[in-house]
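Here are the chains, one letter per residue:
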Amino acid sequence: MSARHPIIVVTGSSGAGTTTVTRTFQQIFRREGIAAAIVEGDSFHRYDRREMRAKVAEAQEEPHSTFSHFGPDANLFEELDDLFRSYGETGGGRTRRYLHDAKEAEPCGQEPGTFTPWEEIEPGTDLLFYEGLHGCVRTDRVDLARHADLKIGVVPIVNLEWIQKIHRDRNMRGYSEEAIVDTILRRMPDYVKYICPQFSSTDVNFQRVPTVDTSNPFIARDIPTSDESMLVIRFTRPKGIDFPYLLSMLKDSFMTRPNTIVCPGDKMALAMQLIFTPMIWQLADRKKKAF
């Protein structure tokens, strides 16, 4: 945990809702007048888009390859660990940006799918906010979870995650069902080893559970919407959480365990505003007392 400069991490797989979380936190930061250094997990991939496609093509030629975006071979875990450690101690560190599309790439004079040069975080920020796949990852070389002051997991149930991937890869990327299944199977070992364990390190988990049949994700016609889902929110340390207040503010919510509340899926942004605003106040107060 950082001693002087707070770090918030949101960790979750693609399509889990991490973008919604980031947008919600940006609203909180604006409202509370907090200057946040925002870091995207994609910035710490090891390979740009063209290189990654080549690496995946190589992996497909090897019958037992488990190479994927989820594992250490495709990511700069040690550089991300250095950033977290440096920011916690000094409020600074090195990062870069991954340019996802032409709109992001054009101002930089680069191609989409490439990285900007490494640069120092702008001085004077109040906290660091990370959103990506690996905010709480642990390996034999790094322990990212130990650096963060607030750790948030955002993950759909596996079948929903697969449905989202199948629809994205089939409709937007033109992949065949056979290719999609091969990808899911190839990256499963890294998912089990590096993604799932992170959700035991988080302070709060948000898991979206569909209320429609997703038993065979390969024949699902549509991606279940937030209106067709429930949101399971689990607190690692429920002490200090005002559950009666949350139940009163989140319509149709209920508790299933002493540390778990369930609410309609479309209440995710509101739930995060209610839960995390007081936590951010506490982090800000603690930082003031540290100086």
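The notes below deal with the structure included here. Numbering of residues starts from 1 in each chain and follows the order in which that chain's sequence is written. For a predicted model such as this one, the threshold for reporting local features is a pLDDT of at least 70, and the threshold for listing and counting side-chain atom pairs is 80 or more; totals across whole chains, interfaces and linings nevertheless cover every residue. In computing side-chain values, all of the structure's heavy atoms are included and hydrogens and water are not.

The number of helices and strands found in the chain is eight helices and 10 strands. Over its C-alpha trace the chain gives a radius of gyration of 19 Å, about what one expects of a compact globule, namely 19 Å for 291 residues. Referenced to the eigenvectors of the C-alpha coordinate spread, the extents of the chain come out at roughly 55 × 45 × 40 Å. Here the term buried applies to any residue with accessible area under 20% of the maximum for its type, exposed to any over 50%, and partly exposed to those in between, with areas from a 1.4 Å probe on protein chains only. Each of the 291 residues in the chain was classed as buried or not, and the buried ones make up 48%. Helical segments are the DSSP runs of H or I of at least four residues, strand segments are the runs of E of at least two, and each set is numbered from the N terminus. In this treatment the radius of gyration is a C-alpha quantity, and the globule benchmark scales as 2.2 Å times the residue count to the 0.38 power.

Quick look at helix H2 (residues 49-61) now. A helix is expected to span 1.5 Å multiplied by its residue count minus one. The first and last C-alpha atoms of H2 sit 19 Å apart over 13 residues, in line with the 18 Å expected at 1.5 Å per residue. Capping the start of H2 is the job of one residue whose side-chain oxygen sits 3.2 Å from the backbone nitrogen of Arg50: Asp48. By the criterion applied in these results, polar contacts are pairs of N or O atoms within 3.5 Å in which, for protein atoms, one can donate a hydrogen and the other can accept it, and in which residues neighboring in sequence qualify only through two side-chain atoms.

In an α-helix, one turn spans 3.6 residues, which is why side chains three or four residues apart end up on the same side. Here helix H3 (residues 77-90) spans 20 Å end to end across 14 residues, near enough to the 20 Å set by a 1.5 Å rise per residue. All of the buried residues in H3 are Phe77, Leu80, Asp81, Leu83, Phe84, Ser86, Tyr87 and Gly88. Contacts are assigned to residue pairs that have any heavy atoms within 4.5 Å of one another. Each element contacted by the buried residues of H3 is listed here: strand E1 (7-11), strand E2 (36-40), strand E3 (94-95) and strand E5 (127-132). Just past H3, the residue Gly91 takes up positive phi, approximately 80°.

Next up on the list: the nonpolar core. We define the nonpolar core as a collection of buried residues of types Ala, Val, Leu, Ile, Met, Phe, Trp, Tyr and Cys that are connected through side-chain atoms lying within 4.5 Å of one another. Of all hydrophobic cores here, the largest spans 32 residues; its most connected members are Ile8, Phe206, Ile233 and Phe276. Dropping the residues within four chain positions of it, Ile233 is found in contact with Val204, Asn205, Phe206, Asn259, Thr260, Ile261, Cys263, Ala271 and Ile275. Among the nonpolar cores identified, the runner-up in size contains 21 residues, and Ala37, Leu80, Phe84 and Ile121 belong to it.

Quick look at the pattern of salt bridges now. Take a side-chain nitrogen of Lys or Arg and a carboxyl oxygen of Asp or Glu: if they are within 4 Å of each other, that pair is a salt bridge. Within this structure, the stated rule accounts for 11 salt bridges. The salt bridge partner of Glu89 is Arg85, with a shortest N-O separation of 3.8 Å. With a gap of four residues between them, Glu89 and Arg85 both fall in helix H3, about one helical turn apart. Note that Asp266 and Lys267 form a salt bridge whose closest N and O atoms lie 3.6 Å from each other. Residues joined in a network through salt bridges with shared partners are Asp82, Arg85 and Glu89.

What follows concerns the environment of Glu106. Here Glu106 shows up in the loop between helix H4 (102-105) and strand E4 (119-120). The spacing of Glu106 and Ile223 is 117 residues in sequence and 32 Å in space, taken between C-alpha atoms.

Overall, mixed pairing links the eight strands, which are arranged E2-E5-E1-E6-E7-E8-E10-E9 in an open sheet. In this open sheet, the two strands that pair with only one neighbour each are E2 and strand E9 (254-257). Strand-to-strand twist of the sheet, defined as the mean angle between neighbouring strand axes without regard to direction, takes the value 20°. Where strand E7 (residues 204-210) and strand E8 (residues 229-235) come together, seven bridges link them in antiparallel fashion. Bridge pairing in E8 links Gln207 to Val232. Axes, fitted as lines to C-alpha atoms, cover a helix only where it is in contact. Angles between the N-to-C directions of the axes lie from 0 to 180 degrees. Contacts from helix H5 (residues 158-172) reach strand E6 (150-156) and E7, with the element oriented near 70° to E6. When DSSP finds two or more bridges between a pair of strands, those strands are recorded as paired.

Attention shifts here to the layout of surface pockets. A pocket here means an open set of points on a 1 Å grid, computed over the protein atoms alone, that has protein on both sides within 12 Å along at least five of seven lines. A cavity is instead a set of points where a 1.4 Å probe fits but cannot get out; residues with an atom within 4 Å of a point line either one. Grid points are joined across faces, edges and corners, and a volume is the space filled by probe spheres set on the points. Of the voids in this model, the second largest pocket is the one considered here, and its volume is about 520 Å³. Together, 20 residues line the second largest pocket, and Arg237, Lys239, Ile241, Met279 and Gln282 are the ones closest to its centre. Going through the elements one at a time, helix H7 (243-249) and helix H8 (268-290) are the ones with two or more residues in the lining of the second largest pocket. No other element matches H8, which puts seven residues into the lining of the second largest pocket. As a working rule, the residues Ala, Val, Leu, Ile, Met, Phe, Trp, Tyr, Cys and Pro are called nonpolar, Asp, Glu, Lys and Arg charged, and the rest polar, with Gly in that last group. When grouped by side-chain class, the residues that make up the lining of the second largest pocket number 12 nonpolar, two polar and six charged.

Here we take up the packing of H5 against helix H6 (residues 177-195). Look at H5 against H6: their axes get within 11 Å of each other, and the N-to-C directions meet at 135°. It follows that H5 is oblique to H6 by the angle criterion. The element H5 and its partner H6 pack so that their crossing is right-handed. In this structure, H5 contributes Val158, Glu161, Trp162, Lys165, Ile166, Asp169 and Arg170 to the contact, and H6 contributes Glu177, Ile180, Thr183, Ile184, Arg187, Met188 and Tyr191. Within the contact of H5 with H6, the residues separate by chemical class into seven nonpolar, one polar and six charged. Roughly parallel refers to an angle under 35 degrees, roughly antiparallel to one over 145, roughly perpendicular to one between 65 and 115, and oblique to any angle outside these ranges. Crossing handedness: left-handed means the near helix sits turned counterclockwise from the far one by under a right angle, and right-handed means the same turn made clockwise.

Below, the discussion takes up the pairing of E9. The side chains of a regular strand alternate, first on one face of the sheet and then on the other. Sheet analysis places E9 next to strand E10 (residues 260-264), joined by three bridges and oriented antiparallel. The residue bridging Met255 from the neighbouring strand is Ile261, located in E10.

Attention shifts here to the environment of Ile184. Within the secondary structure, Ile184 sits in helix H6. Residue Ile184 is classed as buried on the basis of its relative accessible area, which comes to 4%. Taking the C-alpha atoms as reference points, Ile184 and Thr95, separated by 89 residues in sequence, lie 30 Å from one another. Once residues lying within four places of it in the same chain are set aside, the contact partners of Ile184 are Trp162, Lys165 and Phe218.

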